[in-house]
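Fold and contact review
The lines below spell out each chain.
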Amino acid sequence: MNYINSPIDKIKFKKLEFFIKRDDLLHKDFSGNKARKFYYFLVNDFPNIKKIISYGSAQANSLYSLSFLAKQKGLPLDFYVKHISSYLKENPNGNYKKALENGVNIIEKDVEDLDKYIKENLLADDILYIEEGGRVKEAEYGIKILANEIKSWLENNNLKDVKVFLPSGTGTTALFLQKHLPIEVLTVSCVGGSSYLKKQFFSLEEDEKIHPTILEPEKKYHFGKLYKDFIDIYYELLDETEIEFDLLYDSLGFKTLFEYLANYSSNNLPTILYIHQGGLLGNESMLLRYNRKFKYSLDIIN
Ligand SMILES: *Cc1c(COP(=O)(O)O)cnc(C)c1O
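Residues numbered from 1 in each chain as written. Predicted model: local features only at pLDDT ≥ 70, side-chain atom pairs only at ≥ 80, totals over all residues. Heavy atoms only, no water.

**Some details on the sheet that holds strand 2 (residues 16–22)**
- Pairing in this open sheet of six strands is mixed, and the strands run 1-2-10-7-8-9 from one edge to the other. Looking at the sheet topology across the chains shown, the edges are occupied by strand 1 (8–13) and strand 9 (213–215). Taken over all neighbouring pairs, the strand axes of this sheet differ in orientation by 35° on average, direction set aside.
- As paired elements, strand 1 and strand 2 share six bridges and run antiparallel to each other. Looking across to strand 2, one finds that Asp9 is bridged to Ile20. (Pairing = 2+ DSSP bridges. Helix = DSSP H or I, 4+ residues; strand = E, 2+ residues; numbered from the N terminus. Axes fitted to C-alpha atoms, helices over the stretch in contact; angles between N-to-C directions.)

**Describing the sheet that holds strand 6 (residues 127–130)**
- Strands sit in the order 5-4-3-6 across an open sheet of four strands; the sheet is parallel. Two strands close off the open sheet at either side, each with one partner strand: strand 5 (105–108) and strand 6. Across the sheet, the mean angle separating the axes of adjacent strands is 25° when strand polarity is ignored.
- Its contacts with the sheet place helix 2 (residues 61–73) against strand 3 (51–55), strand 4 (77–81), strand 5 and strand 6, and it is angled at close to 165° to strand 4. (Contact = heavy atoms within 4.5 Å.)

**Here's the deal with the nonpolar core**
- Ranked by internal contacts, the top residues of the largest apolar core, which has 52 residues, are Leu69, Ile130, Val164 and Leu177.
- Counting residues per element, this core draws most heavily on helix 6 (residues 139–156), which supplies seven residues.
- Domain assignment of the residues forming this core places at least three in each of domain 1 (8–31 + 138–294) and domain 2 (34–134).
- Ignoring sequence-local partners within four residues, the contact set of Val164 consists of Leu177, Leu181, Ile183, Glu184, Val185, Leu186, Leu273 and Ile275.
- Residues Phe18, Phe230, Tyr235 and Leu261 belong to the second largest nonpolar core, which totals 33 residues. (Core = buried A, V, L, I, M, F, W, Y, C linked by side-chain atoms within 4.5 Å. Buried < 20%, exposed > 50% of the residue type's maximum accessible area, 1.4 Å probe, protein only. Domains from an automatic or database assignment.)

**Details of the pairing of strand 6**
- What you see with strand 6 is no split at all: Ile127 and Tyr129 on one side and Leu128 and Ile130 on the other are buried throughout.
- Relative to strand 6, strand 3 runs parallel, the two being bridged by four bridges. The residue of strand 6 that forms the bridge with Lys51 is Ile127.

**Regarding helix 1 (residues 32–43)**
- In a regular helix each residue adds 1.5 Å, so twelve residues correspond to 16 Å; helix 1 covers 17 Å between its end C-alpha atoms and thus fits that length.
- Of all twelve residues making up helix 1, ten are buried, and the element is well covered by its neighbours.
- Within helix 1, the full set of buried residues consists of Gly32, Asn33, Lys34, Ala35, Arg36, Lys37, Phe38, Tyr39, Phe41 and Leu42.
- Where helix 1 is buried, its residues contact strand 2, helix 2, strand 6, helix 6 and helix 7 (172–180). (Expected span 1.5 Å × (residues − 1).)

**Topic: the site of the ligand**
- Close to the ligand lie 16 residues, the nearest being Asn33, Lys34, Asn61, Thr170 and Thr173.
- For the ligand, an oxygen atom lies 2.5 Å from a polar atom in the side chain of Thr170.
- Between an oxygen atom of the ligand and a side-chain N or O atom of Thr173, the distance comes to 2.6 Å.
- In isolation the ligand has 390 Å² of accessible area, and contact with the protein removes 97% of it. (Near = heavy atom within 4 Å. Polar contact = N/O pair within 3.5 Å; in protein donor to acceptor, adjacent residues only side chain to side chain. Areas by Shrake-Rupley, 256 points an atom, 1.4 Å probe, with all protein chains shown as cover.)

Rendered as structure tokens:
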């Protein structure tokens, strides 16, 4: 099983060349940045732990990755969600469906702050608690390995003027990458705005000098909502590069990256290494939603 060291591909998209770090190819059940973030838990033993607890959305990529991790560890996983839509309950798909197959206990708890609820009511010495989306210090372990793979690639190819780009949720991956890379890391906030992301960076690292550069997208988008812009760029990417990218993060990622590159003259463009952070199982749910909203979209794939 190749949990580490993913290949780097060169692609052309809308006439520009990009290098893509294919973390989507790490392993079929444990890929993308969740695999990097949870790698520490995968390779270490926790003899005193009897259960893993986490929380997030019922469609989250972290739900499936954690269910795989728990299964590997032979530990039960209680995953708290605020709400599961009746549609999803009746038509399980994507991360939700596959996580259930791995035996996760998905527990609906309609409280304002699940993190607070878990901390106040459920923690004990034999519980391993992993915060939403893997926003934990242990994530640094696996992300440092990713940074080292990138450093070897830079050295082997004698590349210097490269910038790394990846879209952020909690910002954990971007932050620890910047901490361990000698080149600039660019990101965009997909979940909250830029000020939310900046706060996340500060919560993980006080030294602002090692925070990634946050790019501001021209338009505002709400996380998890469906946008024609997003589904369009998803299909354009799939068509031109034959690589499937994530609909929640990468569509906004590529849009923002193109806006950023428009600031450079065409003979002076920086070389971009784009980190593909996986998330393709989540696309299954997103495509169903897109298909219900923009009826034509599934016809385009087939
Ligand atoms: C979780 C996730 C992200 C966000 O990662 P953070 O480390 O929280 O910023 C981005 N892309 C994909 C595909 C993800 O699954």
